[in-house]
Amino acid sequence: MLLDSASQAERSEQVLVLSLRRLVGLPGNLVLLPHSVIDALLEEVGWEGKMAKEQPELLAEEVRHARLALEGWEDLQPAADTRSLASRLGGLAAHLRRSANDREAAS
């Protein structure tokens, strides 16, 4: 049963990635920006609250991964634009920290 769950999770992730690629590839005026996907994952799914409450060390690891991803994106930008991206995505880390603190205060 555990293998079935893992297999189902892997297939679901593949469907998510395929769906996002299809959305990005749609012609016309539709533009899917990365921040809108990140916002949906953080705000609509809401897994950081559960993670902060049940596995705070895992939340810290996710923040570390978000920072590494930010560094990769910053490397792609001209130097003049780097600060605005850093401040926007820095808000992601602040959001995760606030969620962790809110959950700790509630428990």
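As the structure is a prediction and not an experimental result, all values here were calculated from the model.

1. Thoughts on the confidence of the model for the protein chain
So, point 1. The predicted model of the protein chain averages 79 in pLDDT, with 82% of residues at 70 or higher.
So, point 2. Across the protein chain, helix H1 (residues 2-24) holds the top mean pLDDT of 87, while helix H5 (residues 82-106) sits lowest at 70.

2. What about the nonpolar core?
So, point 1. Counting residues in hydrophobic clusters, the biggest one holds nine residues: Leu42, Met51, Ala52, Leu59, Val63, Leu92, Ala93, Leu96 and Ala100.
So, point 2. Every element with two or more residues in this core is listed here: helix H3 (47-54), helix H4 (56-76) and H5.
So, point 3. Apart from the residues lying within four places of it in its own chain, the contact partners of Ala93 are Val63 and Arg67.

3. Quick look at the pattern of salt bridges
So, point 1. Applying the stated rule across the entire model yields one salt bridge.
So, point 2. For Arg64, the salt bridge is made with Glu61, and the minimal N-O distance between the two is 2.7 Å. With Arg64 and Glu61 both in helix H4 and three residues apart, the pair spans about one turn of that helix.
So, point 3. Accessibility expressed as a relative area gives 38% for Arg64, which makes it partly exposed.
So, point 4. On the basis of relative accessibility, which here comes to 30%, the residue Glu61 falls in the partly exposed class.

4. Some remarks on the layout of surface pockets
To find the voids left in a structure, one rolls a probe of water-molecule size over its atoms.
So, point 1. Its volume calculated, the largest pocket comes out at about 930 Å³.
So, point 2. At the level of secondary structure, the elements contributing two or more residues to the lining of the largest pocket comprise H1, helix H2 (34-45), H3, H4 and H5.
So, point 3. When its residues are assigned to classes, the lining of the largest pocket shows 21 nonpolar, five polar and six charged.

5. What to know about the packing of H3 against H4
So, point 1. Where H3 contacts H4, the axes come no closer than 5 Å and their chain directions differ by 130 degrees. If you check the angle between H3 and H4, you find them oblique. Only Pro56, Leu58, Leu59 and Glu62 of H4 make contact with H3, whose side of the interface consists of Glu48, Met51, Ala52, Lys53 and Glu54.
So, point 2. Residue classes in the contact of H3 with H4 are distributed as five nonpolar, no polar and four charged.

6. Topic: H3
Think of an α-helix as 3.6 residues a turn; residues three or four steps apart then line up on the same face.
So, point 1. Listing the buried residues of H3 in full gives Glu48, Gly49, Met51 and Ala52. The arc enclosing the buried residues of H3, seen along the axis, measures out at 165 degrees, which places them on a common side. Looking at H3, the residues exposed on the side facing more than 90 degrees away from the buried face are Lys50, Lys53 and Glu54.

Analysis parameters
Within every chain, residues take consecutive numbers counted from 1 along the sequence as written. In keeping with the predicted nature of the model, local features appear solely for residues at pLDDT of at least 70, side-chain atom pairs appear and are counted solely at 80 or more, and the whole-chain, interface and lining totals rest on all residues. Based on all heavy atoms of the structure, the side-chain values leave hydrogens and waters out of the count. Here pLDDT means the predictor's own confidence in every residue, given as a number from 0 to 100. Comment: elements are numbered from the N terminus, with helices defined as DSSP H or I runs of at least four residues and strands as E runs of at least two. The definition of a nonpolar core used throughout is a set of buried Ala, Val, Leu, Ile, Met, Phe, Trp, Tyr and Cys residues joined through side-chain atoms within 4.5 Å. Between buried and exposed lies partly exposed: a residue is buried under 20% and exposed over 50% of the maximum accessible area for its type, with that area taken using a 1.4 Å probe on protein chains only. Here a residue-residue contact requires only that any non-hydrogen atoms of the pair lie within 4.5 Å. Any Lys or Arg side-chain nitrogen located within 4 Å of an Asp or Glu carboxyl oxygen qualifies as a salt bridge. Both site types are read off a 1 Å grid over the protein atoms alone. A 1.4 Å probe that fits but cannot get out defines a cavity, while an open set with protein on both sides within 12 Å along at least five of seven lines defines a pocket; lining residues have an atom within 4 Å of a point. Grid points are joined across faces, edges and corners, and a volume is the space filled by probe spheres set on the points. Throughout, the ten residues Ala, Val, Leu, Ile, Met, Phe, Trp, Tyr, Cys and Pro are labelled nonpolar, Asp, Glu, Lys and Arg are labelled charged, and all others, Gly among them, are labelled polar. Between N-to-C directions, angles cover 0 to 180 degrees, with each direction set by a line fitted to C-alpha atoms, over the stretch in contact for helices. Angles below 35 degrees are treated as roughly parallel, those above 145 as roughly antiparallel, those between 65 and 115 as roughly perpendicular, and all remaining angles as oblique. The arc in question is traced by the directions running from the helix axis to the C-beta atoms.

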